[in-house]
Amino acid sequence: MILTMILLFVVGYAFIALEHKVKVDKSAIALLMCGAIWTIFSLWGHDENISHDMVDHLGDTCEILVFLIGAMTIVDLIDSHGGFNVITDHIKTRNKHKLMWLLAFITFFMSAALDNMTTTIIMVMLLRRIIADQKERWIYASLIVIAANSGGAWSPIGDVTTIMLWMRGNVTSTALMGTLFVPCIVSVVIPTAIAIRYIRNEDAAPVDESTFEAELPAGVGPRLSKFILITGVLSLLFVPVFKSITHLPPYMGMMVSLGVMWVLTEIIYDRKRGIEESIKCRVTKVLKHIDMPTILFFLGILMSVAALETAGVLTDVANWLDKQVHEVFTIAGVIGILSSVIDNVPLVAACMGMYPVMDTAAVAASADPAYMQSFVQDGLFWHLLTYCAGVGGSLLIIGSAAGVVAMGLEKINFGWYFKKITLLAFAGYASGILVILLEHLLVGL
């Protein structure tokens, strides 16, 4: 039974990784994989509590999915009102070196509040309005991918994996940001400092901006765009504050934030006269454009991993790693490298299933308390996992949603990225791990 479940998982992952070859959406594969694994477990496991286990795992999974739906709706609402144009329109420099640093830092901080995929789309579209040469644009776009992944890793709402770890209580927002901010920014600064040597220190040639100008939706002026941008970002940033004050799950804070945005936009559009209802950017309209295939992909993946956890597979893997490796930097570092090939969501989900959050009593009773201390809430392993799974996705162009988006928008060649960017990304990745080690040894974080 166990071998069959593992085989189904491996085969399903192979089809997901080769989505562009098999021409079948990865969400469909994930759902089929989930159903097949749970079916095998039910037929051969003979577990009387399987329905109860499924409901428990589904509840945990749906918390993440509801959070993501709320976050995606708010981000799409900002975008549909031209809110992100407010940011991009303020970039005036034409110097290529200054521009590279500016884009890297804007992407880094923007990705901490938005998801890395949305941030990459915004920044690459901006890049087309500034850099005319395609090969030069590939370098900038690659740096945007690195910055987007690194920016999402230090924020509790910056990436799906950080959201998962934060919502399950493996990390807290304050400790996560305090520990990972410096390593994450180092993982951007070093690749940028090296990549800048590929670009001449001169002004970028003028680009015909008329090709890229996007008009605001009818009835939406600059003031409304700024208002929606500010309220949207504040709504996203409110979620960690809400959790720390009320101790309610983060998805409840996201629902409150979405509700506030919904009410505000309804009031605004009800007061606007002379605009056809069909062109008003209400939340009800934005909801129709939510990326549901992605939501279903996460549902299939997380529930598949939950089946392996219920069957005890992940516990066995954790025990093997504890005996054979027994070193958290090595374990997390390998997971980070794997995340450049395998989606980081199931990798993190698997680790969460393999290693439960330890309490003080469990640590004291363990055979190696010093090692098990790494697995308490905000322990070294969880911060390492957050960093490695997020930043490691930059090692290959297909290793993250941000990379896949950039690859599609700019037609970046896989081989070119591997030759030109992978070593830069790895230099930043390894440097960030070194910073975490120094923080742990010198400061005790």
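Throughout what follows, the structure given in this document is the object of discussion. (Residues numbered from 1 in each chain as written. Predicted model: local features only at pLDDT ≥ 70, side-chain atom pairs only at ≥ 80, totals over all residues. Heavy atoms only, no water.)

### Examining the overall build of the protein chain
Phase 1 of the analysis: Along its length, the protein chain carries 23 helices and 0 strands.
Phase 2 of the analysis: For the protein chain, the C-alpha radius of gyration of 22 Å lies close to 22 Å, the compact-globule estimate for 445 residues.
Phase 3 of the analysis: Projected onto its principal axes, the C-alpha positions of the protein chain cover 65 × 50 × 45 Å.
Phase 4 of the analysis: Classification of the 445 residues of the protein chain by burial places 52% in the buried group.
Phase 5 of the analysis: Considering only contacts within the protein chain whose residues lie at least 6 apart along the sequence, 78% involve residues at least 24 apart.
Phase 6 of the analysis: Of the accessible surface of the protein chain, which amounts to about 20,000 Å², a share of 65% is contributed by carbon and sulfur atoms. (Helix = DSSP H or I, 4+ residues; strand = E, 2+ residues; numbered from the N terminus. Rg over C-alpha atoms; globule rule 2.2 N^0.38 Å. Buried < 20%, exposed > 50% of the residue type's maximum accessible area, 1.4 Å probe, protein only. Contact = heavy atoms within 4.5 Å. Areas by Shrake-Rupley, 256 points an atom, 1.4 Å probe, with all protein chains shown as cover.)

### Thoughts on the packing of helix H7 (residues 116–128) against helix H8 (residues 134–153)
Phase 1 of the analysis: H8 packs onto H7 with a crossing angle of 155 degrees between their chain directions and a minimal axis gap of 9 Å. On the basis of the axis angle, H7 is roughly antiparallel to H8. Where H7 crosses over H8, the handedness of that crossing is right-handed. Residues Asn116, Thr120, Met123, Val124, Leu127 and Arg128 of H7 lie in contact with H8, whose contacting residues are Arg137, Tyr140, Ala141, Ile144, Val145, Ala148 and Asn149.
Phase 2 of the analysis: When grouped by side-chain class, the residues that make up the contact of H7 with H8 number 8 nonpolar, 3 polar and 2 charged. (Axes fitted to C-alpha atoms, helices over the stretch in contact; angles between N-to-C directions. Parallel < 35°, antiparallel > 145°, perpendicular 65-115°, else oblique. Left-handed = near helix turned anticlockwise from the far one by under 90°. Nonpolar A, V, L, I, M, F, W, Y, C, P; charged D, E, K, R; others polar.)

### As for unusual backbone geometry
Phase 1 of the analysis: In this structure, His247 takes a positive phi of about 65 degrees despite not being glycine.
Phase 2 of the analysis: Position of His247 relative to the elements: it lies in the loop between helix H11 (222–246) and helix H12 (250–271).
Phase 3 of the analysis: Note on His247: relative accessible area 67%, which makes it exposed.
Phase 4 of the analysis: Even without glycine at this site, Asp378 takes up a positive phi of about 65 degrees.

### So, the nonpolar core
If you look at soluble globular proteins, the nonpolar side chains tend to sit buried side by side.
Phase 1 of the analysis: Of all hydrophobic cores here, the largest spans 141 residues; its most connected members are Met164, Tyr355, Phe375, Phe381, Trp382 and Tyr387.
Phase 2 of the analysis: Those residues in contact with Tyr387 that lie beyond four places of it in its chain are Ala153, Leu180, Pro183, Cys184, Ser187, Gly392, Gly428, Tyr429, Gly432, Ile433 and Ile436. (Core = buried A, V, L, I, M, F, W, Y, C linked by side-chain atoms within 4.5 Å.)

### Quick notes on the pattern of salt bridges
Phase 1 of the analysis: Scanning all chains against the criterion turns up 4 salt bridges.
Phase 2 of the analysis: Linking Arg137 and Glu410 is a salt bridge whose minimum nitrogen-to-oxygen distance equals 2.9 Å. Placement of Arg137 in helix H8 and of Glu410 in helix H21 (residues 401–410) is noted, with a sequence separation of 273 residues between them.
Phase 3 of the analysis: What makes Glu410 buried here is its relative accessible area of 2%.
Phase 4 of the analysis: Salt-bridge contacts for Arg282 lead to Asp270; the nearest nitrogen and oxygen are separated by 3.2 Å. Here Arg282 is found in the loop between H12 and helix H13 (283–287), whereas its partner Asp270 is found in helix H12, with 12 residues between them in sequence.
Phase 5 of the analysis: A residue is classified by how much of its surface remains accessible, and Asp270, at 43% relative accessible area, is partly exposed.
Phase 6 of the analysis: What you see here is one network of salt bridges that share partners, running through Glu266, Asp270 and Arg282. (Salt bridge = Lys/Arg side-chain N within 4 Å of Asp/Glu carboxyl O.)

### Some remarks on a nonpolar patch on the surface
Phase 1 of the analysis: Together, Phe238, Val241, Ile245, Leu248, Met252, Met255, Val256 and Val260 line one region of the surface with nonpolar side chains, adding up to about 620 Å² of accessible area.
Phase 2 of the analysis: Ranked by residues supplied to the nonpolar patch, first place goes to H12 with 4 residues.
Phase 3 of the analysis: Its location among the elements puts Leu248 in the loop between H11 and H12. (Patch = residues over 30% accessible without salt bridge, like charges linked within 9 Å, V, L, I, M, F, W, Y side chains within 5 Å.)

### Description of the side chain of Ser142
Phase 1 of the analysis: With respect to the helices and strands, Ser142 occurs in helix H8.
Phase 2 of the analysis: Those residues in contact with Ser142, other than ones at most four positions away along the chain, are Ile412, Trp416, Tyr417 and Ile421.

### Focus: the packing of aromatic side chains
How two aromatic rings sit relative to each other is given by the distance of their centres and the angle of their planes.
Phase 1 of the analysis: According to the stated counting rule, one finds 19 aromatic pairs in the structure shown.
Phase 2 of the analysis: A centroid spacing of 6.1 Å and a plane angle of 20 degrees characterise the contact between Trp101 and Phe105, whose relative ring orientation is stacked. Of this pair, Trp101 and Phe105 both sit in helix H6 (residues 96–113), separated by 4 residues, roughly a single helical turn.
Phase 3 of the analysis: Accessibility expressed as a relative area gives 29% for Phe105, which makes it partly exposed.
Phase 4 of the analysis: In this structure, Lys26 packs its charged tip against the face of Phe297, placed 4.6 Å from the ring centre.
Phase 5 of the analysis: Sitting over the face of the ring of Tyr198, Lys420 holds its NZ or CZ atom 5.6 Å from the ring centroid. (Phe/Tyr/Trp six-rings, centres within 6.5 Å; stacked < 30°, edge-to-face > 60°. Lys NZ or Arg CZ within 6 Å of the ring centre and 35° of its normal.)

By themselves, these observations are geometric and do not establish any function.
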